[in-house]
Amino acid sequence: MHIVEKALTRFLIKLVFCVLLILSLLFLGFLPTFWILAGLFVLVLILTKGIKFQKFHAILTKLEREYETGFAGKETFIVLLGFIFFFLIVWLLQYFIAFPVEQIAIIGLIPLTFGNNLVKPLQTWLRNHLHFISHKMSIEGFVIATLINILAYYLLLPYNIVVFIYLALIASLFDMIPYIDSNYTIPIFTSLAFLLFFI
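Source: prediction; values computed, not measured. (Residues numbered from 1 in each chain as written. Predicted model: local features only at pLDDT ≥ 70, side-chain atom pairs only at ≥ 80, totals over all residues. Heavy atoms only, no water.)

Trainee: What's the story with the overall build of the protein in this structure? I'm lost.
Mentor: The helix and strand tally for the protein stands at eight helices and zero strands. Ordered by position from N to C terminus, the α and β elements of the protein give α-α-α-α-α-α-α-α. For the protein, the residues scored as buried account for 47% of the 199 residues in total. Across the protein, the fraction of contacts at a sequence separation of at least 24, relative to all contacts at a separation of at least 6, is 67%. (Helix = DSSP H or I, 4+ residues; strand = E, 2+ residues; numbered from the N terminus. Buried < 20%, exposed > 50% of the residue type's maximum accessible area, 1.4 Å probe, protein only. Contact = heavy atoms within 4.5 Å.)

Trainee: Would you mind going over the packing of aromatic side chains with me for this structure?
Mentor: The relation between two aromatic rings is expressed through the spacing of the ring centres and the mutual angle of the planes. Across all of its chains, the model carries 11 aromatic pairs by this definition. When the centroid spacing of 5.9 Å and the interplanar angle of 90 degrees are considered together, the rings of Phe86 and Phe87 count as edge-to-face. Here the two residues Phe86 and Phe87 agree in accessibility, since each one is buried. Between Tyr154 and Phe164, the aromatic rings sit 6.5 Å apart at their centres with planes inclined by 85 degrees, giving edge-to-face as the arrangement. One end of the pair, Tyr154, is in helix α6 (residues 139-156); the other, Phe164, is in helix α7 (residues 161-175), and 10 residues separate them in sequence. Residue Tyr154 is classed as exposed on the basis of its relative accessible area, which comes to 55%. (Phe/Tyr/Trp six-rings, centres within 6.5 Å; stacked < 30°, edge-to-face > 60°.)

Trainee: Can you walk me through the nonpolar core in this structure?
Mentor: Nonpolar side chains in soluble globular proteins tend to be buried together. One finds Phe83, Phe87, Leu109 and Ile110 to be the most contacted residues of the largest nonpolar core, which totals 41 residues. Contributing elements (two or more residues each) for this core: α1 (2-27), α2 (30-50), α4 (74-93), α5 (101-125), α6, α7 and α8 (182-198). Setting aside residues no more than four positions away along its own chain, Leu109 makes contact with Leu21, Ile22, Leu25, Phe83, Phe86, Phe87 and Pro187. Of all hydrophobic cores here, the second largest spans five residues; its members include Val119, Met137, Phe142 and Met176. (Core = buried A, V, L, I, M, F, W, Y, C linked by side-chain atoms within 4.5 Å.)

Trainee: What should I look at first to understand the packing of α6 against α7 in this one?
Mentor: Two numbers describe a pair of packed helices, the interaxial angle and the distance between the axes. At a minimum axis distance of 8 Å, the contact between α6 and α7 shows a crossing angle of 140 degrees. Between α6 and α7, the interaxial angle falls into the category oblique. Judged by the twist between their axes, the crossing of α6 over α7 is right-handed. The segment α6 lies against α7, with Phe142, Ala145, Thr146, Asn149, Ile150, Tyr153 and Tyr154 engaging Ile161, Phe164, Ile165, Leu167, Ala168, Leu169, Ala171, Ser172 and Leu173. By residue class, the composition of the contact of α6 with α7 is 13 nonpolar, three polar and no charged. (Axes fitted to C-alpha atoms, helices over the stretch in contact; angles between N-to-C directions. Parallel < 35°, antiparallel > 145°, perpendicular 65-115°, else oblique. Left-handed = near helix turned anticlockwise from the far one by under 90°. Nonpolar A, V, L, I, M, F, W, Y, C, P; charged D, E, K, R; others polar.)

Trainee: Explanation requested: α8 in the structure shown.
Mentor: Given 3.6 residues per helical turn, the α-helix brings residues three or four places apart onto the same face. Along its 17 residues, α8 runs 23 Å from first to last C-alpha, staying within 8% of the 24 Å computed at 1.5 Å per residue. Taken together, the buried positions of α8 are Ser182, Asn183, Thr185, Ile186, Pro187, Ile188, Thr190, Ser191, Ala193, Phe194 and Leu195. (Expected span 1.5 Å × (residues − 1).)

Trainee: Got a minute to help me understand the packing of α7 against α8 in this structure?
Mentor: Interaxial distance between α7 and α8 falls to 8 Å at its minimum, and their mutual angle equals 145 degrees. The two elements α7 and α8 cross, and the hand of that crossing is right-handed. Residue-level inspection shows Val163, Tyr166, Leu167, Ile170, Ala171, Phe174 and Asp175 of α7 in contact with α8, the latter providing Ser182, Thr185, Ile186, Phe189, Thr190, Ala193, Phe194, Phe197 and Phe198. In the contact of α7 with α8, the residues fall into 12 nonpolar, three polar and one charged.

Trainee: Help me out: how do you make sense of the side chain of Ser24 in this one?
Mentor: Turning to its location among the elements, Ser24 is positioned in helix α1. Polar side-chain contacts of Ser24 include one of 2.7 Å to the side chain of Thr33. Ser24 has contacts with Gly29, Thr33 and Ile36, leaving out every residue within four places of it along the chain. (Polar contact = N/O pair within 3.5 Å; in protein donor to acceptor, adjacent residues only side chain to side chain.)

Trainee: Any chance you could explain the side chain of Asp175 here in plain terms?
Mentor: Tracing the sequence through the fold places Asp175 in helix α7. A relative accessible area of 2% places Asp175 in the buried class. Polar contacts involving the side chain of Asp175 include one to the side chain of Asn116, which spans 3.4 Å.

In structure tokens:
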């Protein structure tokens, strides 16, 4: 039960963080949001490696997965690096293809925010009763994440339902890639899939 509560807390925090990122993209723009992310990364680095702020260290240790090893804050670093890497990819692509960077970033973040974050606690809760198609996602998780993403796209974006289904399936498929963090695969490949066919 402790592991389940820990997973729920971790994914709730990530859900809120992703929603705040999307709101920042909408109201502040792409570059300010990127610099906020970079600032957070530096702040976490200072608090864990520089001045070694013990209370912050204890919070990170409490929330991280049991199998994470190395140092307190490793999972937080990986997540923040995933977002920063995604923003850099989008920023570089706009030099070769003209597109609204905020919109493409939001398209990539929606499935990471909703499908990925809302299905993981369910998988943690039912971890002994799932039919896994990879070590990262079950058949049930794939279907639920895809449906959540279709609904999220439908509520947030003004496109055709076929586009939403396509993007939701891409996000769920790339969530299953082994040995690569979904914080990297989902937003990058979903945004690239949209650019490839609709820009």
